[in-house]
Amino acid sequence: MSDIREMMKDKKRIVVKIGSSSLQHSETGDLDYTKLDVLVRELCNLRNQGKDVVLVTSGAISVGKKALSFQDAGEDNPIAVKQAYAAVGQARLMMTYQKIFAEYNQVAAQILMTKNTIVDNLNRYNAQNTFAELFKLGVIPVVNENDTVATYEIEIGDNDTLSAIVASLVKADLLILLSDIDGLYTDDPRKNPNASYIDVVNELTDELMEMGKASTGSDSGTGGMNTKLQAAKIAGSMGVDMVIANSRDIKVIHRILAGQKIGTLFTANVNEGFDLPLYVQQMHGH
Ligand code: GLU
């Protein structure tokens, strides 16, 4: 088992996903600057080791909502309200990231994606080229769904899935999902005291996938265990290993890459028949 963890040291292209609930103070919903700072510092340090790094970050909607002091922009169109929040919040979120990245002399870029970015061949090709060019330039792409234009019919929906799609698109060798859970358990540890922790998952069995479906997520993010297992399925099929770890201490990023047993590691099982654009096309947002 330790060999698998040792392999983490050789990872060259890493996608890190952080959820809204991990970026905010739970008491107020305001951004946790200490966490953001540690996150950015960790990512910059990976870049300084010559690794390619992508950050997939949520928070557009919740930051926008906060910025507008929860003003209600009209109950009659809840999607438009969220999209308005996202328009305000994405810019604010990015401004905050840019400031911190600049402190570490790192150039960051923003990439906002929709389902169509993957489904449409030309869009996908262009996005891939953009990522490739950014890596060559040593830039860290910061990715979110383009919530201001992605409507119900075309949305990816949650950033667990988005990060797995991005990791597949850029042919990353590792995806780290930072969340409010330690990793995968045999059952919900809050409900079942006998639930045991799983260190490595080599095969995503139907039983595991079913277990994920029964779980629930946190309040501010959109993903529970289900979306995380779906992400593992996408990433694994496309040859990307994935680790789910707790964002309580963001420094786990470098510990995971040092080969420490942290979080649950899902080893990739390449599925040659897996058609990413088709899979994304058939996905249903929520
Ligand atoms: N894209 C959404 C946002 O930035 C979040 C989706 C998610 O939390 O999974 O607000």
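Above this text is the structure in question.
Residues numbered from 1 in each chain as written. Predicted model: local features only at pLDDT ≥ 70, side-chain atom pairs only at ≥ 80, totals over all residues. Heavy atoms only, no water.

1. Quick look at the overall build of the chain
Point 1. Regarding its fold elements, the chain presents twelve helices and ten strands.
Point 2. The globule rule puts the C-alpha radius of gyration for 286 residues at 19 Å, and the 18 Å found for the chain is close to it.
Point 3. Across its three principal axes, the chain shows a C-alpha extent of roughly 50 × 45 × 40 Å.
Point 4. The buried share among the 286 residues of the chain stands at 53%.
Point 5. Pairs at least 24 apart in sequence give 77% of the contacts found in the chain among residues at least 6 apart.
Point 6. About 13,500 Å² of surface is accessible on the chain, with carbon and sulfur atoms providing 49% of the total.
Point 7. If the 28 positive side-chain charges of the chain are averaged to one point and the 36 negative ones to another, these points end up 5 Å apart. (Helix = DSSP H or I, 4+ residues; strand = E, 2+ residues; numbered from the N terminus. Rg over C-alpha atoms; globule rule 2.2 N^0.38 Å. Buried < 20%, exposed > 50% of the residue type's maximum accessible area, 1.4 Å probe, protein only. Contact = heavy atoms within 4.5 Å. Areas by Shrake-Rupley, 256 points an atom, 1.4 Å probe, with all protein chains shown as cover. Lys, Arg positive; Asp, Glu negative; His and termini not counted. Charge placed at Lys NZ, Arg CZ, Asp CG, Glu CD.)

2. So, the nonpolar core
As a rule of thumb, soluble globular proteins bury nonpolar side chains together.
Point 1. In this structure, Met113, Phe131, Val143, Leu175 and Phe266 are the most contacted members of the largest nonpolar core, which totals 44 residues.
Point 2. Residue contacts for Phe131: discarding those within four places in its chain leaves Val54, Ile111, Met113, Pro141, Val143, Val166, Leu169 and Val170.
Point 3. Leu55, Tyr97, Phe101 and Leu174 belong to the second-largest nonpolar core, a separate cluster that totals 38 residues. (Core = buried A, V, L, I, M, F, W, Y, C linked by side-chain atoms within 4.5 Å.)

3. Focus on the pairing of strand S1 (residues 13–18)
Point 1. Counting buried residues in S1 gives five out of six residues, a clear majority hidden from the surface.
Point 2. Taken together, the six bridges between S1 and strand S2 (residues 52–57) define a ladder with parallel strand orientation. Across the sheet, residue Lys17 finds its bridge partner in S2, namely Val56.
Point 3. Where S1 and strand S5 (residues 174–179) come together, five bridges link them in parallel fashion. Counted as the bridge partner of Ile14 is Leu174 from S5. (Pairing = 2+ DSSP bridges.)

4. Focus on the pattern of salt bridges
Point 1. Inspection of every chain in the model, using the stated rule, returns 13 salt bridges.
Point 2. In this structure, Asp52 and Arg13 form a salt bridge, with 2.8 Å as the shortest nitrogen-oxygen distance. Pair noted here: Asp52 is in strand S2 and Arg13 is in strand S1, with a separation of 39 residues, a long-range link.
Point 3. On the accessibility criterion, Arg13 (22% relative accessible area) is partly exposed.
Point 4. A salt bridge links Lys66 to Asp30; the shortest N-O distance between them is 3.9 Å. With Lys66 in helix H4 (residues 60–67) and Asp30 in the loop between helix H2 (20–23) and helix H3 (33–48), this pair connects stretches of sequence that are 36 residues apart.
Point 5. Each member of the salt-bridge network shares a partner with another, and the members are Arg5, Asp199 and Lys261. (Salt bridge = Lys/Arg side-chain N within 4 Å of Asp/Glu carboxyl O.)

5. Some remarks on the packing of aromatic side chains
Point 1. Under the definition given, this model contains four aromatic pairs.
Point 2. Between Tyr97 and Phe101 the ring centres are 6.3 Å apart and the planes differ by 35°, which places this aromatic pair in the tilted class. With Tyr97 and Phe101 both in helix H5 (residues 78–103) and four residues apart, this pair spans about one turn of that helix. The same class applies to Tyr97 and to Phe101, which are both buried.
Point 3. Their ring planes at 65° and their centres at 5.3 Å tell us that Tyr185 and Tyr197 sit as a pair that is edge-to-face. Taken together, the residues span a long stretch of sequence, with Tyr185 in strand S6 (residues 184–185) and Tyr197 in strand S7 (residues 197–198) at a distance of twelve residues. (Phe/Tyr/Trp six-rings, centres within 6.5 Å; stacked < 30°, edge-to-face > 60°.)

6. With respect to the environment of Val270
Point 1. In this fold, Val270 is placed in the loop between strand S10 (264–266) and helix H12 (276–282).
Point 2. On a C-alpha basis, the gap between Val270 and Tyr33 in space is 38 Å, while along the polypeptide they are 237 residues apart.

7. Some words on helix H7 (residues 121–136)
Point 1. Taking 1.5 Å per residue as the helical rise, H7 with its 16 residues ought to reach 22 Å, and the 23 Å between its terminal C-alpha atoms agrees with that figure.
Point 2. Within H7, burial applies to Arg124, Ala127, Phe131, Leu134 and Phe135. Axial view of H7: buried residues confined to an arc of 100°, hence all on one face. In H7, those exposed residues whose orientation departs by more than 90 degrees from the buried face are Asn121, Leu122, Tyr125 and Lys136.
Point 3. Measuring from the side-chain oxygen of the N-cap residue of H7 to the backbone nitrogen of Leu122 gives 3.2 Å; that N-cap residue is Asp120.
Point 4. Among the residues trailing H7, Gly138 stands out with phi positive, at a value near 75°. (Expected span 1.5 Å × (residues − 1). Arc of directions from axis to C-beta. Polar contact = N/O pair within 3.5 Å; in protein donor to acceptor, adjacent residues only side chain to side chain.)

8. Structural notes on the sheet that holds strand S8 (residues 200–201)
Point 1. Read from one edge of the open sheet, eight strands run S3-S4-S2-S1-S5-S9-S10-S8, paired in mixed fashion. Pairing within the sheet leaves two strands with one partner each, and these edge strands are strand S3 (108–113) and S8.
Point 2. Here H7 sits on the sheet and contacts S1, S2, S3 and strand S4 (140–145); the angle it forms with S3, its principal contact strand, is near 170°.
Point 3. Here helix H10 (residues 225–237) sits on the sheet and contacts S5, strand S9 (241–246) and S10; the angle it forms with S9, its principal contact strand, is near 155°. (Axes fitted to C-alpha atoms, helices over the stretch in contact; angles between N-to-C directions.)

The values reported here are purely geometric and, on their own, carry no functional implication.
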